[in-house]
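This is what each chain is made of:
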Amino acid sequence: MSEDSNEADRLAALARYGLLDTPPEEGFDRLTRIAAFLFSAPIALISLVDRDRQWFKSACGLAGRETPREWAFCAHAIQGTEVMVVPDARLDPRFRDNPLVTGPPHIRFYAGAPLLTADGFALGTLCVIDATPRPGMSGGHQLILRDLARLTIDLLELRQVRGGIH
């Protein structure tokens with residue numbers, strides 16, 4: 001399967017959930033508040049990576065609802081299945097010139113766990129962000145972030161079974 005067909009299948013999986021451009025929902029907001037608290041992070045997001053943007057189903061500590069995909073740390077995180085950790089974005093060649101690093105919110109630390117569907121598609125991430133660099137993330141903290149991402153998928157699945165917002 002080519003990367004382009006895999007991306008088309010991933011976008012089709014994302015569309016099946018019918019989440020893009022929907023209003024905030026308390027269940028998702030709970031998850032980002034918990035993540036922000038557990039990781040002492042000023043920003044926690046449930047980010048869905050669409051064709052040309054990343055859109056935030058939930059944003060704790062950030063006013064915006066989307067950014068261009070080419071700026072999205074999460075677009076890199078969905079390329080794998082493990083937690084992606086960036087200790088200091090200024091030192092990472094992928095991100096050092098990113099407008100989200102050079103300007104507000106001045107991202108330094110990023111950790112994102114892919115939101116993996118049962119059929120293996122990464123829809124986006126549950127991520128935590130800080131304007132202060134951090135040395136990394138312990139294995140235990142990565143496990144907790146993955147668990148929160150899995151809970152996010154559980155909530156997406158429940159939402160789909162129930163037919164939308166409840």
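Conventions we followed
- Residues numbered from 1 in each chain as written.
- Predicted model: local features only at pLDDT ≥ 70, side-chain atom pairs only at ≥ 80, totals over all residues.
- Heavy atoms only, no water.
- Helix = DSSP H or I, 4+ residues; strand = E, 2+ residues; numbered from the N terminus.
- Rg over C-alpha atoms; globule rule 2.2 N^0.38 Å.
- Buried < 20%, exposed > 50% of the residue type's maximum accessible area, 1.4 Å probe, protein only.
- Contact = heavy atoms within 4.5 Å.
- Areas by Shrake-Rupley, 256 points an atom, 1.4 Å probe, with all protein chains shown as cover.
- Lys, Arg positive; Asp, Glu negative; His and termini not counted.
- Charge placed at Lys NZ, Arg CZ, Asp CG, Glu CD.
- Pairing = 2+ DSSP bridges.
- Axes fitted to C-alpha atoms, helices over the stretch in contact; angles between N-to-C directions.
- Phe/Tyr/Trp six-rings, centres within 6.5 Å; stacked < 30°, edge-to-face > 60°.
- UniProt positions renumbered as here; feature names shortened; annotations may be inferred.
- Expected span 1.5 Å × (residues − 1).

Trainee: So what exactly am I meant to see when it comes to the overall build of the protein here?
Mentor: Looking only at helices and strands, one finds 5 helices and 6 strands in the protein. In the protein, the succession of α and β elements from N to C terminus is α-α-β-β-β-α-β-α-β-β-α. For the protein, whose C-alpha radius of gyration is 15 Å, the value lies close to the compact-globule estimate of 15 Å for 166 residues. The principal-axis extents of the C-alpha atoms in the protein amount to approximately 40 × 35 × 30 Å. Residues counted as buried form 49% of the 166 residues belonging to the protein. Pairs at least 24 apart in sequence give 59% of the contacts found in the protein among residues at least 6 apart. If you sum the accessible surface of the protein, you get close to 8100 Å²; carbon and sulfur atoms cover 56% of it. The centroid of the 18 positive side-chain charges in the protein is displaced by 4 Å from the centroid of its 21 negative side-chain charges.

Trainee: What exactly am I supposed to notice about the sheet that holds strand β6 (residues 122–130) here?
Mentor: By way of backbone hydrogen bonds, the strands of a sheet pair with one another, either parallel or antiparallel. One open sheet accounts for 6 strands, arranged β3-β2-β1-β6-β5-β4; its pairing is antiparallel. Each edge of the open sheet carries a strand with a single partner, namely β3 (66–68) and β4 (84–86). Adjacent strand axes in the sheet meet at a mean angle of 25°, parallel and antiparallel pairs treated alike. Bridging between strand β1 (residues 43–49) and β6 involves 6 bridges; their strand directions are antiparallel. Paired with A44 across the bridge in β6 is V128. Together, β1, β2 (53–60) and β6 form the strand contacts of helix α2 (residues 26–38), whose direction differs from that of β2 by roughly 75°.

Trainee: Is there a simple way to explain the packing of aromatic side chains in this structure?
Mentor: In this description, a pair of aromatic rings is defined by centroid distance and the angle of the planes. Across all of its chains, the model carries 2 aromatic pairs by this definition. When the centroid spacing of 3.9 Å and the interplanar angle of 5° are considered together, the rings of F73 and F95 count as stacked. Of this pair, F73 sits in helix α3 (residues 73–77) while F95 sits in the loop between β4 and α4 (99–102), and the two are 22 residues apart along the sequence. Both residues of the pair, F73 and F95, count as buried. When the ring of F73 is compared with that of Y110, the centres are 5.2 Å apart and the planes differ by 40°; the resulting orientation is tilted. With a gap of 37 residues between them, F73 in helix α3 and Y110 in strand β5 (residues 109–116) connect regions that are remote in the sequence. Across this residue pair, the class does not change: F73 and Y110 are buried. Through successive ring pairs, a cluster of aromatic residues spans F73, F95 and Y110.

Trainee: Sorry if this is basic, but what is going on with the UniProt feature "domain: GAF" (unreviewed entry) in the protein here?
Mentor: In this numbering, the UniProt entry assigns the feature "domain: GAF" (unreviewed entry) to residues 23–163. The span residues 23–163 is 33% helical and 27% strand by assignment, and the distance between its end C-alpha atoms comes to 15 Å.

Trainee: Looking at this structure, I do not really get helix α5 (residues 139–162). What am I missing?
Mentor: Note: α-helices contain 3.6 residues per turn, so residues at a spacing of three or four share the same orientation. In this model, α5 (24 residues) spans 34 Å end to end at C-alpha, consistent with the 34 Å of a helix rising 1.5 Å per residue. Among the residues making up α5, those that are buried are L145, R146, L148, A149, T152, I153, L156 and R159. Each element contacted by the buried residues of α5 is listed here: α2, β1, β5 and β6. Backbone geometry just downstream of α5 places G163 in the positive-phi region, at approximately 85°.

Trainee: What is the right way to look at the environment of F109 in this model?
Mentor: For F109, the position within the fold is in strand β5. Of the residues examined, F109 reaches a relative accessible area of 1% and is grouped as buried. With 33 residues separating them in the primary sequence, F109 and Q142 have C-alpha atoms 14 Å apart. Excluding its chain neighbours within four sequence positions, the residues that come into contact with F109 are V85, V86, P87, V128, I129, D130, T132, P133, R134, G136 and M137.

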